[in-house]
Amino acid sequence: MGRSLLIGYSQVAKDKKVRDYFIRGRNIADKHVEIFGTLLSKEYLPSASAWDTLPTESTDAPFSEKLMMFHTTALSSAGIAHYGRSLGQSPRTDLGEIYVRLTAEILNFAKDGSDILIENGWLEQPPQAADRDKLAKA
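Throughout what follows, the structure given in this document is the object of discussion. (Residues numbered from 1 in each chain as written. Predicted model: local features only at pLDDT ≥ 70, side-chain atom pairs only at ≥ 80, totals over all residues. Heavy atoms only, no water.)

**Here we look at the side chain of T103**
And then number 1: Topologically, T103 is positioned in helix α4 (residues 93–119).
And then number 2: Take T103: its relative accessible area is 15%, and that puts it in the buried class.
And then number 3: Leaving out residues up to four positions away in the same chain, T103 has contacts with I80 and Y83. (Helix = DSSP H or I, 4+ residues; strand = E, 2+ residues; numbered from the N terminus. Buried < 20%, exposed > 50% of the residue type's maximum accessible area, 1.4 Å probe, protein only. Contact = heavy atoms within 4.5 Å.)

Dropping the structure here:
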């Protein structure tokens, strides 16, 4: 679902940095689908069907880039949570290694999305830890 959403978002985003971010997310999703599809295929199990036919050919944005970015970061958070839950519940260590590696990739993607939101003034910078050494010298 995320891949299809990012295909559509990348078609309508006007800001180059935002559009490139959506394209990067689409490529990450493609890779994750490929990894799990290959695993399922090796064990003669069916894989999920693609939803790539859902995005239209429209280049008119139905939403603001701000809303699309927030939606994408929310989906990234959900993906991280799903991989974390899967890691904790799966007895297969081979899958655990994959979940950890792919979670790290999504974490980097989500961080970059937060940076774009902050740069555009769509999100305030999250609270930071106080620099206790600097405060002690004041």
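Now that the structure has been shown, we can carry on.
**Examining the environment of A29**
And then number 1: Relative to the helices and strands, A29 is located in helix α2 (residues 16–42).
And then number 2: Sequence-wise, A29 and P55 are 26 residues apart; in three dimensions their C-alpha atoms are separated by 15 Å.

**Some details on the packing of aromatic side chains**
And then number 1: Tallied over the entire structure, the rule returns six aromatic pairs.
And then number 2: Pairing Y9 with F22 gives two aromatic rings, centres 5.3 Å apart and planes at 50°, and the pair type is tilted. One end of the pair, Y9, is in helix α1 (residues 2–12); the other, F22, is in helix α2, and 13 residues separate them in sequence.
And then number 3: Assessed through its relative accessible area of 0%, F22 is described here as buried.
And then number 4: Taking 5.9 Å as the distance between ring centres and 45° as the angle between the ring planes, the aromatic pair formed by F36 and Y83 counts as tilted. Residue F36 is found in helix α2, and its partner Y83 is found in helix α3 (residues 65–89); the two are separated by 47 residues along the sequence. (Phe/Tyr/Trp six-rings, centres within 6.5 Å; stacked < 30°, edge-to-face > 60°.)

**Side note on the layout of surface pockets**
And then number 1: Here the largest pocket is characterised by a volume of approximately 1000 Å³.
And then number 2: Looking at the largest pocket, it is lined by 29 residues, and the ones nearest its centre are M1, G2, R3, A29 and V33.
And then number 3: Listing elements by their share of the lining of the largest pocket, those giving two or more residues are α1, α2, α3 and α4.
And then number 4: It is α2 that contributes the most residues to the lining of the largest pocket, eight residues altogether.
And then number 5: Tallied by class, residues from the lining of the largest pocket come to 16 nonpolar, 11 polar and two charged.
And then number 6: Of the volumes computed, that of the second largest pocket is approximately 210 Å³.
And then number 7: Lining the second largest pocket are 13 residues, and of these G8, Y9, P55, T56 and P62 lie nearest its centre.
And then number 8: Along the lines of polarity and charge, the residues of the lining of the second largest pocket split into seven nonpolar, five polar and one charged. (1 Å grid on protein atoms, 1.4 Å probe; cavity = no way out; pocket = protein on both sides within 12 Å on 5 of 7 lines; lining within 4 Å. Points joined across faces, edges and corners; volume = space filled by probe spheres on them. Nonpolar A, V, L, I, M, F, W, Y, C, P; charged D, E, K, R; others polar.)

Geometric values such as these leave the question of function open.
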